[in-house]
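Here is how the chains run, residue by residue.
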Protein chains: 2
Amino acid sequence: MNTKIENNSCQNGRINSFTQVNQMQQRGDKRGFGGDEVRVVDSMIDIIYPPVPFPSNRIFNTIGEMKIREMVEHHHTLLLKTKVGKLFPANEEALKMVIDKSADFFVEALGGGDIFTSVHGEPHLRMRHFKVPIDEQDREIWLAMYKKTLKMINFPKAHLEEFWNWIEPLSIRMINRRTNMEAIKRHHWQEVKHEFMTREGN
Amino acid sequence: MNTKIENNSCQNGRINSFTQVNQMQQRGDKRGFGGDEVRVVDSMIDIIYPPVPFPSNRIFNTIGEMKIREMVEHHHTLLLKTKVGKLFPANEEALKMVIDKSADFFVEALGGGDIFTSVHGEPHLRMRHFKVPIDEQDREIWLAMYKKTLKMINFPKAHLEEFWNWIEPLSIRMINRRTNMEAIKRHHWQEVKHEFMTREGN
């Protein structure tokens, strides 16, 4: 089965997005409301969720399951101290289950076998996150806390780029509450890698 | 200035959307996680906001400002009895200001002059609604209450189609909280018009 389905809104190879329109200057010749004829405003999309390069098994083969679990737990410990923390269960046992499940996902995604999907089915991360509202700022915090985590657990530098290139666009797919017209801020590896390098030996 | 900006995600005239992927059957040959090489998952969009045909001045010229204000007030009275009501100010004076502002917008949009934009600037409806979370169900309620309103105020039948064709896609643009992968439900005039017709004389 072909996963590429024709999308009629892409006629002529172009589509308008709210973020693009937001970045445009107001047009001087704009037509107003309530003229003599119906005035059709074009169809629109919101953000484009960028491609997600899922990592190879190199990370799992290098750091192993326990280190991945340590990473996910550390990340959650940091998250709980931020405003994103309110999205997690207050009950300690329920929280532990959420973190364990997340760790299972990371272990599997990095090459440690089907410990998540065999129990929970397909990850469908976007779908699983619908029950909590996640806005652009929540995603910024999630990613910033990962950056901190990767430094603190001394994630192997040779694999940082592959890991970052995955979680950075992946985190955008969890956004389900838009609060502005801005394009989603990217944090490309080229722009963030120096932060990992300068901390060496600290 | 040209409002049509090239969108690189429309390469080859196609783009994937979450709703389309959701409608697809699972592929049997799907590649799993953590293989020997990085596996790139395509870029994605969420919903496509359909074109919005803004009405001509025919409605204003027929029913006039007071009837439009009555309509907007009636709609809000109904909304306040639904779960959407919690999105409005509890304070009576603040609520009245919100309803008056909305009425100003409808009067202007239907051809009654720039009574909204001269005070508040460009409508930017999507932007103005960002401060409150509006999900798919809220939009269903908003639209259903308009349907009820149009019947109750005896909106002139000759102009119903033009009005409905405007508010139905317009309401989709206010959605800023996604809670599922489904395509947004359309309520095309052809499907709803019988509801207005059968009530005649009731």
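Here the residue numbering is sequential within each chain, running from 1 through the sequence in written order. Here chains are named by letter from A upward and ligands by number from 1 upward, in the order in which they appear as written. Predicted model: local features are reported for residues with pLDDT of at least 70 only, side-chain atom pairs are reported and counted for 80 or more only, and whole-chain, interface and lining totals are derived from all residues. Excluding hydrogens and water, the side-chain figures rest on all heavy atoms present in the structure.

Enquirer: Looking at this model, I keep getting lost on the confidence of the model for chain A. Mind explaining?
Expert: Segments scoring low in pLDDT should not have their predicted coordinates read at a detailed level. All names here are of chain A. pLDDT expresses how confident the predictor is about each individual residue, on a scale running from 0 to 100. Summarising the model, chain A shows a mean pLDDT of 88, and 84% of its residues fall at 70 or more. Contact definition: two residues touch when any of their heavy atoms are within 4.5 Å. Overall, residues 1-13 carries pLDDT values under 50, and its contacts beyond four positions in sequence, including any with other chains, amount to 34 contacts. Confidence drops under a pLDDT of 50 for residues 25-29, and excluding neighbours within four residues, the segment shows 5 contacts in the predicted structure. Interface confidence in the predicted complex, given as ipTM, is 0.87; pTM for the same model is 0.88.

Enquirer: What is the right way to read the packing of helix α2 (residues 58-79) of chain A against helix α7 (residues 157-172) of chain A from this model?
Expert: When two helices pack together, their arrangement is given by the angle between their axes and by how far apart the axes lie. All names here are of chain A. Every axis corresponds to a line fitted to the C-alpha atoms, with the helix fit spanning only the stretch in contact, and the corresponding angles, defined between N-to-C directions, vary from 0 to 180 degrees. Each helix is a run of DSSP H or I of at least 4 residues and each strand a run of E of at least 2, with the numbering of both proceeding from the N terminus. Direction vectors running N to C along α2 and α7 enclose 75°, while the axes themselves pass 11 Å from each other. On the basis of their axis angle, the class for α2 and α7 is roughly perpendicular. Side by side, α2 and α7 meet where R58, I59, T62 and M71 of the first sit next to H159, E162 and F163 of the second. Taken together, the residues of the contact of α2 with α7 sort by class into 3 nonpolar, 2 polar and 2 charged. Note on angle classes: values under 35 degrees are labelled roughly parallel, values over 145 roughly antiparallel, values of 65 to 115 roughly perpendicular, and the remainder oblique. Each residue is assigned to one of three groups, with Ala, Val, Leu, Ile, Met, Phe, Trp, Tyr, Cys and Pro labelled nonpolar, Asp, Glu, Lys and Arg labelled charged, and all others, Gly among them, labelled polar.

Enquirer: What's the story with the nonpolar core in this structure? I'm lost.
Expert: For soluble globular proteins, the rule of thumb is that nonpolar side chains tend to be buried together. Here, nonpolar core means buried Ala, Val, Leu, Ile, Met, Phe, Trp, Tyr and Cys residues that are tied together by side-chain atoms lying within 4.5 Å of each other. Note on classification: 1.4 Å probe, protein chains only; a residue is buried when its accessible area is under 20% of the maximum for its type, exposed when over 50%, partly exposed between these limits. Ranked by internal contacts, the top residues of the largest apolar core, which has 40 residues, are B:M71, B:F106, B:L150, B:F155, B:F163 and B:W166. Listing elements by their share of this core, those giving two or more residues are β4 (52-54), α2 (58-79), α3 (92-109), α6 (136-152), α7 (157-172) and α8 (189-198) of chain B. Among the elements that line this core, the one with the most residues is α2(B), at 8 residues. If we ignore the near neighbours within four places in the chain, the residues touching B:F163 are B:I59, B:M71, B:F106, B:L110, B:Y146, B:L150 and B:F155. Formed by 39 residues, the second largest nonpolar core is a distinct cluster that contains A:I63, A:V84, A:A103 and A:V192.

Enquirer: Would you mind showing me how to read the side chain of A:E162 here?
Expert: Mapping A:E162 onto the fold places it in helix α7. The class of A:E162 is buried, set by a relative accessible area of 15%. Under the rule applied, a polar contact is a pair of N or O atoms within 3.5 Å (in protein, one hydrogen donor and one hydrogen acceptor; residues adjacent in sequence only if both atoms are side-chain atoms). A polar contact of 2.6 Å, which involves the side chain of A:E162, links it to the backbone nitrogen of A:S56. Non-local contacts of A:E162, meaning those with residues more than four positions away in its chain, are made with A:P55, A:S56, A:R58 and B:V38.

Enquirer: Hey, could you run me through empty space enclosed by the protein in this one?
Expert: Where empty space is left becomes clear once a probe the size of a water molecule has been rolled over the atoms. Cavity means a closed set of points on a 1 Å grid over the protein atoms alone, one where a 1.4 Å probe fits but cannot get out, pocket means an open set with protein on both sides within 12 Å along at least 5 of 7 lines, and lining means a residue has an atom within 4 Å of a point. Grid points are joined across faces, edges and corners, and a volume is the space filled by probe spheres set on the points. Per the counting criterion, the structure on display carries 1 cavity of 30 Å³ or more. Its volume calculated, the largest cavity comes out at about 140 Å³. Contributing to the lining of the largest cavity are 15 residues, with A:D46, A:R178, B:D46, B:Y49 and B:R178 lying nearest its centre. By residue class, the composition of the lining of the largest cavity is 6 nonpolar, 2 polar and 7 charged.

Enquirer: Looking at this structure, I do not really get the packing of aromatic side chains. What am I missing?
Expert: Two aromatic rings, taken as a pair, are described by how far apart their centres are and by the angle between their planes. Think of it this way: a Phe, Tyr or Trp ring, Trp meaning its six-membered ring, pairs with another when their centres are within 6.5 Å, and the plane angle makes it stacked under 30 degrees, edge-to-face over 60, tilted otherwise. On inspection of all chains with the given rule, the structure shows 30 aromatic pairs over all chains. Between A:F163 and A:W166 the ring centres are 5.7 Å apart and the planes differ by 75°, which places this aromatic pair in the edge-to-face class. One end of the pair, A:F163, and the other, A:W166, are both in helix α7, 3 residues apart, so they sit about a helical turn from each other. Side by side, A:F163 and A:W166 carry an identical accessibility label, which is buried. Aromatic side chains B:F54 and B:W166 sit 5.8 Å apart centroid to centroid with 55° between the ring planes, which places their arrangement in the tilted category. One end of the pair, B:F54, is in strand β4; the other, B:W166, is in helix α7, with 112 residues separating them in the sequence. The buried category is assigned to B:F54, whose relative accessible area is 10%. Ring-over charges, as used throughout, are those where CZ of Arg or NZ of Lys falls within 6 Å of the ring centre and within 35 degrees of the ring normal. Sitting above the plane of the B:F54 ring, A:R39 keeps its charged end 5.0 Å from the centroid. The lysine or arginine in question, B:K151, covers the ring of B:F196, its NZ or CZ lying 5.9 Å from the ring centre.

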